[in-house]
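Descriptive structure summary
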Amino acid sequence: MAGKNKRKLEDLSVDEFMLSGFDSGEEEDCEDEESTQQKGKMKKPAPQKTSVKKHGKASEHKDQLTALKSKDPEFYEFLQENDQKLLNFDDSDSLEDEEEDEEERMYHKLPSQLEEADDDENDEGESGKKDVKKPKEATKVTEAMIENWRTGLRKEPTAKLIRDITQAFKAAVATTKGDSEELCRYTISDSAVFNSLILFCIKDMHAALNKMLKLKAPEKGQKKLILPSSSPRWQKNQVDIKMYIAGVVQLLSSLTQSTVVAAVLRHANQMVPYYLCLPKQCRHFLKSLIKHWSTGEETVRVLAFLALNKICRNKQEIYLNSVLKQMYIAYVKNCKFTSPNTLPVINFMQQTLAEMYSLDTQVSYQHAFIYIRQLAIHLRNAINLKKKETCQSVYNWQYVHCLYLWCRVLSTIYPSEVLEPLIYPLSQVIIGCIKLVPISRYYPLRLHCVRVIILLSANTKTYVPALPFLLEILQQEDFNKKPGRMSIKPINFAVILKLSKTNLQEKAYKDGLVEQLYDLILEYFHTQACSIGFPELALPTIVQLKAFLKECKVANYCKQMRQLLEKIQENCSYITGRRQKAAFGVADVTAVAAWEKQVAEEGTPLTKYYSQWKKLREKEIQLEISGKERMEDLNLPEIKRKKAEEKKADKESDSDDDDDGDLFKSKEDKGDSDEDDEGLEDLSDLTDDEEDIDDLEEDDSGGDQKTPSSSKGKAPKKMLKTELKEVAEGDEDMVEDLELSDQD
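Since this is a predicted model, take the numbers as computed values, not measurements.

Cut-offs and rules
- Counting restarts for each chain: residues are numbered from 1 in the order of the written sequence.
- Local features in this predicted model are restricted to residues of pLDDT 70 or higher, and side-chain atom pairs are both shown and tallied only at a pLDDT of 80 or more, whereas totals for entire chains, interfaces and linings draw on every residue.
- Hydrogens and water are ignored here; the side-chain numbers use all heavy atoms of the structure.
- By definition, any uninterrupted DSSP run of H or I lasting at least four residues is a helix, any uninterrupted run of E lasting at least two residues is a strand, and each is numbered from the N terminus.
- When checking whether two residues touch, look at their non-hydrogen atoms; a contact exists if any pair is within 4.5 Å.
- Residue burial considers only the protein chains on display, and all accessible areas are found by Shrake-Rupley using a 1.4 Å probe.
- The axes are straight lines fitted to the C-alpha atoms, using for helices just the contacting stretch, and the angles between their N-to-C directions are given from 0 to 180°.
- Orientation labels follow simple angle bins: below 35 degrees gives roughly parallel, above 145 gives roughly antiparallel, 65 to 115 gives roughly perpendicular, and whatever is left gives oblique.
- By definition, any crossing whose near helix is turned counterclockwise from its far helix by less than a right angle is left-handed, and any crossing with a clockwise turn is right-handed.
- Here the aromatic set is Phe, Tyr and Trp, taking the six-membered ring for Trp, and pairing holds for ring centres within 6.5 Å; pairs whose planes are under 30 degrees apart are stacked, those over 60 apart are edge-to-face, and all others are tilted.
- Exposure categories follow from relative accessible area, calculated using a 1.4 Å probe and restricted to protein chains: below 20% of the type maximum is buried, above 50% is exposed, and the middle band is partly exposed.
- A side-chain nitrogen of Lys or Arg and a carboxyl oxygen of Asp or Glu constitute a salt bridge if their distance falls within 4 Å.
- A helix is expected to reach a length of 1.5 Å times the quantity of its residues less one.
- Two axes enter the bend calculation: one fitted to the seven residues ending at the residue in question, the other to the seven starting there, and the bend is the angle between them.
- In protein, a polar contact requires one atom able to donate a hydrogen and another able to accept it; more generally it is a pair of N or O atoms within 3.5 Å, and residues adjacent in sequence count only if both atoms are side-chain atoms.
- Put simply, a patch holds well-exposed residues, over 30% relative accessible area, that have no salt bridge, with like charges counted together within 9 Å and Val, Leu, Ile, Met, Phe, Trp or Tyr side chains within 5 Å.
- Asp and Glu are treated as the negative residues and Lys and Arg as the positive ones, with His and the ends of the chain left uncounted.
- All charge positions are set by atom: Lys at NZ, Arg at CZ, Asp at CG, Glu at CD.
- Working definition: a disulfide is two cysteine sulfur atoms within 2.5 Å of each other.
- A score from 0 to 100, pLDDT tells how confident the predictor is in each residue.

Details of the overall build of the protein chain
Broken down by element type, the protein chain carries 37 helices and two strands. A fraction of 72% describes how many contacts in the protein chain between residues 6 or more apart in sequence connect residues 24 or more apart. Summed over its atoms, the accessible surface of the protein chain is roughly 43800 Å², and 50% of this surface lies on carbon and sulfur atoms.

Structure representation (structure tokens):
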């Protein structure tokens, strides 16, 4: 043994020998070969005491390896191919090996194989990380492989087959993320193969997983989902299923085309029971769903909402609270700007979010109380401070759409004893919002608040005063005053909150305001048309409308309001006649409710008129929208200015071209009356919005204005003549001077 110890120490390097010398307690500068041998002899007895024990461990280890041949023959064959030294070790050498191990623990010795690994790492630094992350043996997915997988799934899905498909799906998702460092068994380089694989997974994976886990199909009318975790095979296949559904979420976050996103969402909707069994993946899935619900296309939004609703219905206590909070925040973010294109999206979000709040009234009350209180705090600060910043915190689209949302929530969940106490504070916030800045520029915002009140009052059967805020507009606004500007486009009150000073001078403003008042008064009375107290409720409005008809001199406005007054009075007479035949008193609440229900079933003159009017009104709105598009595409004629015409006149040699001269030149030469000058001022306002208008537009054929006017050129001139007639207001001399000549 001494010889062996000697040979072992001689094999040590200089540094290793110095380390072993320090550990043995001997001095470094006084050692020679003999002292080294003596030191080996001195160390010999210590391991000799434990040699029997360690030799017994080696024999026991050898017996275990022999038994391994019968227990796990595959692993034994692997050891024979890769590690013969482990199987064919010698018991006699066990002592020396273990001594060597104990001494080698004192210092760090790198095996020779790591030097080759270092070279590989250096090569990797030059070539990049792809060589390490993507194994060389990665298999390329082909159409034939996908077809084989499809055939195998339809026959009998196995755990190995599901694992292969999951790994391939993981590789496909990695390509969409642009993540080349993803470690996958498969690679996909062809877009056709990618499409085939994704389509194959979307169509067949859900049914295959259910078949492999032996899940029973839900019975008809069964609302509760059957969770895959109830299957005895769930634990064995959980890792592969987790990888697959995580890949579906990553795929949703990377796709951009709405049709593809919708197809994947339909598949994800089927996989909801699997997400419910894996909380981490379910949270990521919910986050992706909320994003698509708030920003996607119409179909994508609907599918995302269905998945959100299904998850929250089955796991209310876990996910509902956080989902509602995130959905409300997403709703507020998307309500910052409102246009004709975004308004349908906002309305969809309102209705679906109200549906989500109806799942649990207790949770909804907590959310509604907090957020309505926030609205009230903003309003209180605006009333107390009366600064521009605080008023803007109330008079904005986000605030208005939040009022719409909570009114819709209370209306959807009604009747509910939990949420009914919030009706009164919400009504006070809406009324306070109307009274904050009661000027004509904010009439559109007032009209929105009145719509919110009508929505809340009609669906909760609660009286909230709305008519005073509409009748106040009839009193404050002077409808007899002539407009200072003519406008072509009507004002869309549905997508504005504030009017500009220019809008207040336009004729379209008063036309639109009268239409809005007519619509809202009629809609409010329709909600109260079957009430037993309708005659008393309508009396102030009847008085105010009669006063308006006496003062107003505009025929169109009077015609609309007179028709509204007649319908209200007709309904009053009907209710009064029915009320006289009643045999119960006002204090009998049950009898009153039964009477109103019967009247509602039979219908009143106002309800019948409202149903017909609503259909016609919707058609008119559609025509207005299409008319706007036509007006935008139409090239209207432009009025020529004096300077440009004088330059033309200098260049032209023919004196007959004076007929095409400046429109205003002849008027100035003739020296008309003051009324004509006022008419010209009104006409000049038409060009204020377009500053650099010099000449009439050219013909569609591209010819110059000097060419003789054709039939195509007569239509714009007639249109201009019609507009000028309206501005001149019956002044025949002015119209004659403003006519455009059809000659050269």
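Structural notes on the packing of helix α15 (residues 258–270) against helix α18 (residues 298–314)
The geometry of α15 relative to α18 is characterised by a closest axis approach of 9 Å and an angle of 20° between their N-to-C directions. As far as their axial angle goes, α18 and α15 are roughly parallel. Along this stretch, α15 crosses α18, giving a crossing that reads as left-handed. Residues Ser258, Val261, Ala262, Leu265, Arg266 and Asn269 of α15 touch α18, and the partners they reach there are Thr299, Val300, Leu303, Ala304, Leu306, Ala307 and Lys310.

Observations concerning the packing of aromatic side chains
Each aromatic ring pair is described using two quantities: the centre-to-centre distance and the angle formed by the ring planes. Counted under the stated rule, the structure contains 15 aromatic pairs. Between tyrosine 518 and tryptophan 613, the ring centres sit 6.3 Å apart and the planes meet at 55°, which makes this aromatic pair tilted. A residue pair is termed long-range when its members are at least 10 positions apart, and tyrosine 518 in helix α28 (residues 507–527) and tryptophan 613 in helix α32 (residues 605–633) qualify at 95 residues. A residue is classified by how much of its surface remains accessible, and tyrosine 518, at 5% relative accessible area, is buried. An aromatic cluster is built from Tyr328, Tyr357, Tyr371 and Trp406, whose rings are joined through pairwise contacts.

Thoughts on the pattern of salt bridges
Applying the stated criterion across every chain yields a total of 12 salt bridges. Residues aspartate 204 and arginine 150 are paired through a salt bridge, measuring 3.8 Å at the closest nitrogen-oxygen approach. One end of the pair, aspartate 204, is in helix α13 (residues 191–213); the other, arginine 150, is in helix α11 (residues 143–155), with 54 residues separating them in the sequence. We note that aspartate 204, like arginine 150, is buried.

Structural notes on unusual backbone geometry
In this structure, proline 415 follows tyrosine 414 across a cis peptide bond, with omega equal to -5°. By secondary structure assignment, the location of proline 415 is in the loop between α23 (397–413) and α24 (423–436). Unusually for a residue other than glycine, lysine 214 sits at a positive phi of about 55°. Relative to the elements of secondary structure, lysine 214 occurs in the loop between α13 and α14 (234–254). What makes lysine 214 exposed here is its relative accessible area of 60%. Positive phi values are uncommon outside glycine, yet lysine 461 reaches one of about 55°. As for its placement among the helices and strands, lysine 461 is situated in the loop between α25 (443–460) and α26 (467–476).

Considering the environment of leucine 455
With respect to the element layout, leucine 455 can be found in helix α25. Once the C-alpha coordinates of leucine 455 and arginine 408 are considered, the two residues, 47 residues apart in sequence, prove to be 7.3 Å apart. Residue contacts for leucine 455: discarding those within four places in its chain leaves Tyr404, Cys407, Arg408 and Ser411.

Quick word on the environment of serine 231
Looking at the element boundaries, serine 231 is found in the loop between α13 and α14. Judged by its relative accessible area of 8%, serine 231 falls in the buried class. In this structure the C-alpha to C-alpha distance between serine 231 and lysine 214, which are 17 residues apart in sequence, comes to 7.1 Å. Not counting residues within four places of it along the chain, the set of residues in contact with serine 231 comprises Leu213 and Leu215.

Some details on helix α29 (residues 534–551)
Taking 1.5 Å per residue as the helical rise, α29 with its 18 residues ought to reach 26 Å, and the 26 Å between its terminal C-alpha atoms agrees with that figure. A bend of about 30° at proline 540 is the largest found in α29. Looking only at α29, the buried set comprises Phe534, Pro535, Leu537, Ala538, Thr541, Ile542, Gln544, Leu545, Phe548 and Leu549.

With respect to the side chain of serine 411
Tracing the backbone through its elements, the reader meets serine 411 in helix α23. Among the residues examined, serine 411 registers a relative accessible area of 12% and is labelled buried. Only 3.5 Å separates the side chain of serine 411 from the backbone oxygen of leucine 455, close enough to count as a polar contact. The contacts of serine 411, once residues within four sequence positions are left out, are Leu455, Leu456, Asn459 and Thr460.

Quick word on a negative patch on the surface
On the surface, Asp72, Glu74, Glu77 and Glu81 cluster together into a patch of negative charge. Inspection of the secondary structure assignment puts glutamate 77 in helix α6 (residues 73–82). Overall, glutamate 77 belongs to the partly exposed group, its relative accessible area being 45%.

Some details on α25
Between its first and last C-alpha, α25 extends 26 Å over 18 residues, near the 26 Å set by a 1.5 Å rise per residue. α25 sits mainly inside the fold: 15 of its 18 residues count as buried. One or two residues past the end of α25 sits lysine 461, with phi positive at roughly 55°.

Focus on the state of the cysteines
Summed over the entire model, instances satisfying the criterion amount to zero disulfides. Here cysteine 433 stays free of any disulfide, with the sulfur of cysteine 449 as its closest cysteine sulfur at 4.0 Å.

Overview of the confidence of the model for the protein chain
The predicted coordinates ought not to be read in detail in places where the model reports low pLDDT. Mean pLDDT for the protein chain: 75, with 67% of residues reaching 70 or above. Every residue in residues 91–135 is under pLDDT 50, and counting partners more than four places away or in other chains gives 39 contacts. Counting contacts from residues 629–642, a segment whose pLDDT is below 50, to residues more than four positions away or on other chains yields 37 contacts.

Let's talk about the packing of α18 against helix α20 (residues 343–357)
One can describe the packing of α18 onto α20 by two numbers: an axis separation of 11 Å at closest approach and a directional angle of 10°. In this view, α18 runs roughly parallel relative to α20, as classed from their interaxial angle. Counted together, Arg301, Val302, Phe305, Leu308, Asn309, Cys312 and Arg313 of α18 and Val345, Phe348, Met349, Thr352, Glu355 and Met356 of α20 form the full contact between these two elements.

So, the environment of glutamine 350
Along the chain, glutamine 350 falls in helix α20. A relative accessible area of 1% means that glutamine 350 is categorised as buried. When the C-alpha positions of glutamine 350 and tryptophan 406 are compared, they lie 8.9 Å apart, and in sequence the two are 56 residues distant. Look past the residues within four positions of glutamine 350 in its chain and what remains in contact with it is Tyr331, His401, Tyr404, Leu405 and Arg408.

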